[in-house]
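Chains, contacts and geometry: an overview
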Amino acid sequence: MKLVLAAFLQWVLFEGLLRESVCTEWTAQLPETISAVEGSCVVIPCTFTYPKGVEASITAVWYTSRSIFQSLVVYNGEDPLKVDARFLGRAFLIGNLTSGDCALKIDKVKTTDGQRYYVSFHAKGQKFRFQDQKVTLSVSKTPEKPRITNPGLLTEGQPVTVNCTTEYTCPSNPPTVDWGGVNGTVILQYTAKQQVAWAVTSSITFTPSYRDSQIQCQVKYPGRNNVTEHRPIHVKYAPKDTEILVWTRNIKEGSSVSMSCSSKGDPPISRYSWFLVQGGQEVDLEQHTEKVRVPNVTRGVQFYCTAENKIGQTQSPRKSLNVEYKPDITGESKCTFSPGEMVCHCLVNSNPPAQIQWIVNSSAQDFNLSTWRSGEWVTSVLTGALQVQTNVSCTAFNKHGETVYVLPFHVKESLLWMIVPAVGGLACLLFILLIAITVFCCRKRRGRHFIHQPRMYSLCDTSIYQESSPLYMNCTEANPIYTNGSYQILYENCTPSFVRTQQHRAAWRRREVREDNGSATECPVYLEVL
C-alpha cells in the first residue's frame, strides 16, 4: 500500500513539474473521438503550434493511456523500436511536424486498439506532453451503414439522381461503393471532413421503371468488411399490361358477351373506354367502366379497350371473340356432270366445324367421299360414276343447327368435241401455209429469169396470154409492113414457146426493125419486140 501511495505522489509531482515547463506557445488539437473498422486503417488527426527556432529539433511521441498509472508508447519519433510490441510496424507518423501536422496512422486496426491516445513533443531537451487532450478511438467489427438520400416520388421515364455517402478513417485505402436495384451512371466524390474523417459520396443517375421497388448501396471496406443500405422507392407510371378478359363461355352469334379491361397503373386507373372493330370500321361503345356487357355479337367482331390515369393512357391489343354459329353453305358449292362421271363440291363455314352428309337421288352405287378442314371452313368432295344427271344435296350440321343445300349442275362438254375442231383447224392452217410456201418458191425461182410483167400477143384472132414470162415465137419471116414511117417485120407459121435462158431473154429484149417490102401471109402474127 505504501508503494502505491509513493508512486502516486511521484506521478503528481512529475505532472506538476511538466506543466510548469510547458510554454504557452506549445498547443495541440485532437478530436475527442474517432471510429475505425477492424481490419482497416485509421488516421488520428493532430495539429499543434510551437515557438520559433525549435522546428528543426522537434520529435513526436504518441502514447496510449491504459490507466491513470500506465501509458504505452505507440510511436516513438526518437527511437522507432522503443514502442509497445502490439504497435510495432503498425503505427506511423504521417504528418509534417514542421508544418504543425502530427497525425498518426495505425494499420490493420484491431479491436484491442480501442483506447485513449495523446501526443508528446520533444525539442531541445524538453518534453511537452498533452495528456489532458486525449482522443478516444472506438473500433467496430462492422462498418456503419451508408446514408442514401430520399429521391421522393418518382415518375417512370423521368431521370433522377440519388446519393450514397459513407465515412472512413483510412484515406490511403478508401472503401468502394456499388449500387444495386437500378442501373445508371455513377460518379464518385471524395471529401475530407475537418478533424474527424473522410467521406466518399457516390451519385447514381438513372431512369426509373415501374418495376423498380428499391435502391441498394453497398460499401466494401478493406478486410472484407461490407455493409449494405436499402431504400424503397415509389415510381408512378402510366397504365401497363392492358388486356381484355372475356368472361362469357360458348358465345353464340346474336347473344351478349361480358368482358373486363385489365390494367395496372400508379396512380390507379381512373377511366376506361371500349371500342368495337368490324369490317375495318371502329365504333366507340361509349362505355367507360372496367366491365361491360355487349349484346348481339356477330362473327368476325373484335374489341379493344383503353385505360387512363394521371400519368398517361395505354391501349389493349385487339381481342377476337370465339363466336359460334350454325353452318353456312356457300354459293360456290356445285356439281359438275359429264357423261359417266359426277364431281360435287360442298363448302361450309361454321363454328364449331360442321359435319357433312350427302344425299344422291340415283341408282348409282359407287361414290368416293373426301373431306378436309381449314379453320372454320370444311370442304367435302363427292365423286362417282353417273350415267344421267340427278339431284344432289349437301347437309351440314353442328350443335347450333343444320343447313341443307341442293347443288346446281354444270354440264361438262366432251373433250372430243373440243379436240376435233381444233385439230381440223390446225390441219387447214398447215395446208394453206404449205401452198403459200410452194407458190412463193416458184415465183422466186421464175423471177430470176423472166420479166415479171404480163403481156398479150395475138395469133390468128386468138388471144394468147402469158403472165410473168414473155412469149417467144418460132416463125417464118414474111413481108414487112410500113407503118408510121418505119417497117415492122411480119412473121408466119409461128409456134409459141417459153423463154428459159438468160440468152433468150437478152435476145428477146432487142427490137428488130427491117425495111423490107415483102407480102404478108394469110395468117400473120404481129410481134412487137421491146
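First things first, this report covers the structure right here in the doc.

Calculation criteria
- Once a new chain begins, its residue numbering starts again from 1 and follows that chain's sequence as written.
- With pLDDT at 70 or above as the cut-off, local features in this predicted model cover only qualifying residues; side-chain atom pairs require 80 or more to be listed or tallied, and sums for whole chains, interfaces and linings still use all residues.
- Computation of side-chain values covers all heavy atoms of the structure but excludes hydrogens and water.
- Put simply, DSSP H or I for four residues or longer makes a helix, DSSP E for two residues or longer makes a strand, and each gets a number counted from the N terminus.
- Only protein chains enter the accessibility calculation, which uses a 1.4 Å probe; a residue is then buried when its area is under 20% of its type maximum, exposed when over 50%, and partly exposed in between.
- Residue contacts follow a heavy-atom distance rule, with two residues in contact if any of their heavy atoms lie within 4.5 Å.
- Per-residue accessibility takes into account occlusion by the displayed protein chains alone, with areas from the Shrake-Rupley method and a 1.4 Å probe.
- Counted as a polar contact is a pair of N or O atoms within 3.5 Å, where, for protein atoms, one must be capable of donating a hydrogen and the other of accepting one, and residues adjacent in sequence contribute only when both atoms are in side chains.
- Nonpolar side chains (Val, Leu, Ile, Met, Phe, Trp, Tyr) are joined into patches within 5 Å and like charges within 9 Å, using only residues with over 30% relative accessible area and no salt bridge.
- By salt bridge we mean one thing: a side-chain nitrogen of Lys or Arg within 4 Å of a carboxyl oxygen of Asp or Glu.
- Strands pair, by our definition, only if DSSP identifies at least two bridges between them.
- Interaxial angle, 0 to 180 degrees, is taken between N-to-C directions of lines fitted to C-alpha atoms, where a helix line uses only the stretch in contact.
- Throughout this description, the term nonpolar core refers to a set of buried Ala, Val, Leu, Ile, Met, Phe, Trp, Tyr and Cys residues connected via side-chain atoms within 4.5 Å.
- The term disulfide is used for any two cysteine sulfur atoms that are within 2.5 Å.
- Here a Phe, Tyr or Trp ring, Trp counted by its six-membered ring, pairs with any other such ring whose centre lies within 6.5 Å, and the pair is stacked when the planes are under 30 degrees apart, edge-to-face when over 60, and tilted otherwise.
- Only Lys NZ and Arg CZ are tested; either one counts as a charge over a ring when it is within 6 Å of the ring centre and within 35 degrees of the ring normal.

1. Brief notes about the overall build of the protein chain
The secondary structure content of the protein chain amounts to 3 helices and 43 strands. Relative to its 530 residues, the protein chain shows a buried fraction of 37%. Expressed as a percentage of contacts within the protein chain between residues at least 6 apart in sequence, the contacts between residues at least 24 apart total 59%. If you sum the accessible surface of the protein chain, you get close to 32100 Å²; carbon and sulfur atoms cover 52% of it.

2. Side note on the environment of Asn349
Its location among the elements puts Asn349 in strand E31 (residues 341-351). Residue Asn349 is classed as buried on the basis of its relative accessible area of 8%. Note: C-alpha distance between Asn349 and Pro327 (22 residues apart in sequence) is 5.7 Å. Excluding residues that lie within four positions of it along the chain, Asn349 makes contacts with Arg299, Tyr325, Lys326, Pro327, Asp328, Glu376 and Trp377. Within the local environment of Asn349, its side chain forms a polar contact with the side chain of Arg299, the two groups lying 3.4 Å apart.

3. Points about a nonpolar patch on the surface
A contiguous nonpolar surface patch, about 490 Å² in accessible area, is contributed by Leu426, Leu429, Leu430, Leu433 and Ile437. The residue Leu429 is located in helix H2 (residues 415-446) in this model. Judged by relative accessible area, which is 55%, Leu429 ranks as exposed.

4. Quick word on the side chain of Asn76
When you line up the elements, Asn76 lands in strand E6 (residues 71-76). Here the side chain of Asn76 touches Glu78 through a polar contact of 2.9 Å, landing on its backbone nitrogen. A distance of 3.5 Å separates the side chain of Asn76 from the backbone oxygen of Lys82, its partner in a polar contact. Each residue touching Asn76, except ones within four places of it in the same chain, is listed here: Ala60, Val61, Lys82 and Val83.

5. Observations concerning the sheet that holds strand E16 (residues 185-192)
Reading across from one edge, E12-E14-E17-E16 is the order of the 4 strands in this open sheet, with antiparallel pairing throughout. The open sheet terminates on both sides in strands that have one partner only, identified here as strand E12 (147-148) and E16.

6. Quick look at the pairing of strand E18 (residues 214-221)
Alternating positions in E18 separate cleanly, Ile215, Cys217, Val219 and Tyr221 being buried on one face and Gln214, Gln216, Gln218 and Lys220 remaining unburied on the opposite face. With 5 bridges connecting them, strand E15 (residues 176-180) and E18 associate as antiparallel partners. Pairing of Val177 across the sheet is with Val219, part of E18.

7. Structural notes on the sheet that holds strand E25 (residues 291-294)
Spatially, E13-E20-E22-E25 is the arrangement adopted by the 4 strands of the open sheet, whose pairing is mixed. Two strands bound the open sheet, and with one partner strand each, they are strand E13 (153-155) and E25. Averaged over all pairs of adjacent strands, the angle between their axes in this sheet comes to 30°, without regard to strand direction. Here 4 bridges tie strand E22 (residues 257-266) to E25, and the two strands are oriented antiparallel to one another. Considered in E25, the bridge of Ser258 is made with Arg293.

8. Things to note about the nonpolar core
Ranked by internal contacts, the top residues of the largest apolar core, which has 31 residues, are Trp26, Trp62, Tyr117 and Phe121. Elements with a contribution of two residues or more to this core: strand E2 (33-37), strand E3 (42-44), strand E5 (59-65), E6, strand E8 (104-106), strand E9 (116-123) and strand E11 (135-140). For this core, the leading source of residues is E9, giving 4 residues. Each residue touching Phe121, except ones within four places of it in the same chain, is listed here: Trp26, Ala28, Phe48, Ile58, Thr59, Ala60, Cys102, Gln126, Lys127, Phe128 and Phe130.

9. Remarks on the pattern of salt bridges
If you walk through the whole model with that rule in mind, you get 11 salt bridges. Lys105 is paired through a salt bridge with Asp107; the nearest N and O atoms lie 3.5 Å apart. Judged by relative accessible area, Asp107 falls into the partly exposed class, the value being 22%. Notably, a salt bridge pairs Asp241 with Lys264, separated by 3.3 Å at the nearest N-O pair. Of this pair, Asp241 sits in strand E20 (residues 234-246) while Lys264 sits in strand E22, and the two are 23 residues apart along the sequence.

10. Brief notes about the state of the cysteines
Enumeration over the complete set of coordinates arrives at 6 disulfides. Covalently, Cys41 is tied to Cys170 through a disulfide, its sulfur atoms 1.3 Å apart. Across the disulfide from Cys41 to Cys170, rotation about the S-S bond amounts to roughly 105°, and the bridge is consequently right-handed. Remark: Cys170 occurs in the loop between strand E14 (160-168) and E15 and Cys41 occurs in the loop between E2 and E3; sequence separation between them is 129 residues. Residue classification places Cys170 among the buried positions, given a relative accessible area of 3%.

11. A look at the packing of aromatic side chains
In this structure the tally under the stated criterion is 13 aromatic pairs. Plain terms: the ring middles of Phe48 and Phe121 are 4.2 Å apart, the flat faces sit at 25° to each other, and that makes the pair stacked. One end of the pair, Phe48, is in strand E4 (residues 47-49); the other, Phe121, is in strand E9, and 73 residues separate them in sequence. Residue Phe48 shares its accessibility class with Phe121, and that shared class is buried. Taking 5.0 Å as the distance between ring centres and 45° as the angle between the ring planes, the aromatic pair formed by Tyr210 and Tyr237 counts as tilted. One end of the pair, Tyr210, is in the loop between strand E17 (198-206) and E18; the other, Tyr237, is in strand E20, and 27 residues separate them in sequence. Each member of the pair Tyr210 and Tyr237 is classed as buried. Aromatic rings pair up to connect Trp26, Phe48, Tyr50, Phe121, Phe128 and Phe130 into one cluster. Sitting above the plane of the Tyr118 ring, Lys134 keeps its charged end 5.2 Å from the centroid. If you follow Arg299 out to its NZ or CZ, it ends over the ring of Tyr325, 3.5 Å from the centre.

Keep in mind these values describe shape, not function.
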